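Okay, here's what each chain looks like letter by letter:
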Amino acid sequence: MDAGLIFQMLLAVLGAIILYTFIGFVPGTDETSVLMPVTLAVVLAGVQPIVVLTFFIAAIITLNLMNAIPTALVGLPGGVLSTPMIEHALYLKERGMAATSIKKMATGSIIGTAVAIPVSLLLANILAPFSDSVKEYAPLLFVFGAVFLSLIGKNKLLALISIIPLGLLFQGLRYLYWGLGAVPQEKNVTVSFFLGITIGPLLVSLLGLLNKQNRDSLPRHEQNKIKLNEVDEKQTLLNPFGTITKKEAGTSAIVSLLSNFLFFLSPVGLTILFGEAVSNKEIDPVKKASMAITSMSALSHATYLSGLIIPLIALGIPLSPVAVGPANALFNAPPVFTLEHNLHHLLSTSEFVFAILFAGILASVVTYFIAMKYARQMTVFVLKKIPHEAILGLFIGFILLLAYMDAGLINIFGVLLVGIVCGTLNKMGVNYGVQFMILYAAPWITTHLIFK
């Protein structure tokens, strides 16, 4: 590996840190909607495969930690994975422990990353010899994943009922495009439908504003005033393990380890499941909240990293919510990557290990320092200077552009249809993970479950 390539990897890590540090501080963004489009743009730009992987690993680590900072300081979730921490972070904030929350979250992220990377690499190499068998049954695994995620979601029955109709919608649009000649028969439109799912809830909310009756019925609030407590930087400890107890460190390491073996499950589900389980053992409210935010921060990193590393190295097909979701462009981004020709096929094991360790270590060190030293200042800057609407508008515009590039003008309306249907179902309790799995299972569903 030459010096020029390593320099490109360094630039990719720094670029990901700078970009997702600011995006991570914007409350209310979704990990998939801000990771997937940018990663897809990097892939389509022709960046070297190992540099793409380096960028994405750094982006995951940066975004997950920075998303947790507004949660601790303001009580607003940066992303979906930080939502489970809100109650515990607000409890500590009310007791003047916001700075402590940030330190514990940052340390938890270090633990989750340190555990997940070696364990995921080990599990990926153990599973690699069985990849052909797994790939053979991949369509069935997607169907199983959709059913399983439905059963652990909020609205189980609705999620199960939606599987076949959504499969028909996705595959029906593909057949429409083929029939009209919008795309050639050999092209399978997936990426833009995927992006339609990610903007669905936002799209439904925006279109709802066009209905005057609904708009007039919306509640009106006074201007929200956000108060940020001063942080005594002298109390900031640069030693990660000086910020948490031995019990918090040990518990976070154990749950991070266990989550790697369940990489095919929802990261949010695992974060809530393990985080609440270990924190409920604490009787003291402060200790309970501290345990929760530390372990949940560790889990958010461990679940994302394992959900990417294991399918990418061992299988080459997206068989986890992370791989099907935010990391999808690493598996399937025509014409650069396809399911038969992606990072799994282009990089050697040693290149995977080097890129993951390089990005993981560098991003963890830099983001930890930023979180410990400048969290408050950056939160103030983002809340005052960067409109939430501007960020969301940018990504919606970007997604519509990619939809046009994927299958022309007709696909813009196809993506809007997907967004409206999936966004409505999302608001009713059918989560992203179920919808992503259905998207990949659609060909099998329409082939095997259509009654003639």
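In case you missed it, the structure is sitting above this.
Described in the following lines is the structure provided in the data block. What you see is a predicted model; the values in this text were computed from it and never measured.

**Considerations on the overall build of the chain**
Each helix and strand counted, the chain has 21 helices and 0 strands in total. For 452 residues, the compact-globule estimate of 2.2 N^0.38 gives 22 Å, and the C-alpha radius of gyration of the chain, at 21 Å, lies within 12% of that figure. C-alpha extents for the chain along the principal axes are approximately 70 × 60 × 40 Å. Scored against the burial criterion, the 452 residues of the chain give a buried share of 55%. Within the chain, residue pairs in contact and separated by at least 24 positions form 80% of the contacts whose partners lie at least 6 positions apart.

**A few points about the side chain of threonine 39**
Position of threonine 39 among the secondary structure elements: in helix H2 (residues 31-44). Excluding residues that lie within four positions of it along the chain, threonine 39 makes contacts with Phe55, Phe56, Ala329 and Leu330.

**So, unusual backbone geometry**
Glycine aside, residues mostly have negative phi angles, and peptide bonds mostly take the trans form. In the segment running from proline 334 into proline 335, the intervening peptide bond is cis, with an omega of 5°. Here proline 335 lies in the loop between helix H16 (328-331) and helix H17 (343-346).

**Brief notes about the environment of alanine 98**
Position of alanine 98 relative to the elements: it lies in helix H5 (residues 98-127). Distance in space between the C-alpha atoms of alanine 98 and leucine 73 is 5.8 Å, their sequence separation being 25 residues.

**A closer look at the nonpolar core**
Ranked by internal contacts, the top residues of the largest apolar core, which has 124 residues, are Tyr20, Leu53, Phe170, Leu308 and Leu330. Per-element tally for this core: the top contributor is helix H3 (residues 49-73), with 18 residues. Apart from the residues within four sequence positions on either side, tyrosine 20 is in contact with Val34, Leu35, Val38, Phe55, Ala59, Thr62, Leu63 and Met66. Within the second largest apolar cluster, 8 residues are counted, among which are Val119, Ala249, Phe263 and Ile310.

What counts and what doesn't
- The numbers attached to residues start from 1 for each chain and follow its sequence in the written order.
- Reporting in this predicted model follows two pLDDT cut-offs: at least 70 for local features of residues, and 80 or more for side-chain atom pairs to be given and counted; totals over whole chains, interfaces and linings ignore these cut-offs and use all residues.
- Heavy atoms from the whole structure form the basis of all side-chain values; hydrogens and water molecules are not counted.
- Numbering of helices and strands runs from the N terminus, with a helix taken as a DSSP run of H or I at least four residues long and a strand as a DSSP run of E at least two residues long.
- We compute the radius of gyration from the C-alpha atoms alone; for a globule the expected value is 2.2 Å times N to the 0.38, where N is the number of residues.
- Buried residues are those whose accessible area, probed at 1.4 Å on protein chains only, stays under 20% of the maximum for their type, while exposed residues exceed 50% and partly exposed ones sit between those limits.
- Any two residues whose heavy atoms approach within 4.5 Å at even a single point are treated as in contact.
- Put simply, buried Ala, Val, Leu, Ile, Met, Phe, Trp, Tyr and Cys residues joined by side-chain atoms within 4.5 Å make one nonpolar core.

Without other data, these values stay purely geometric and don't point to any function.
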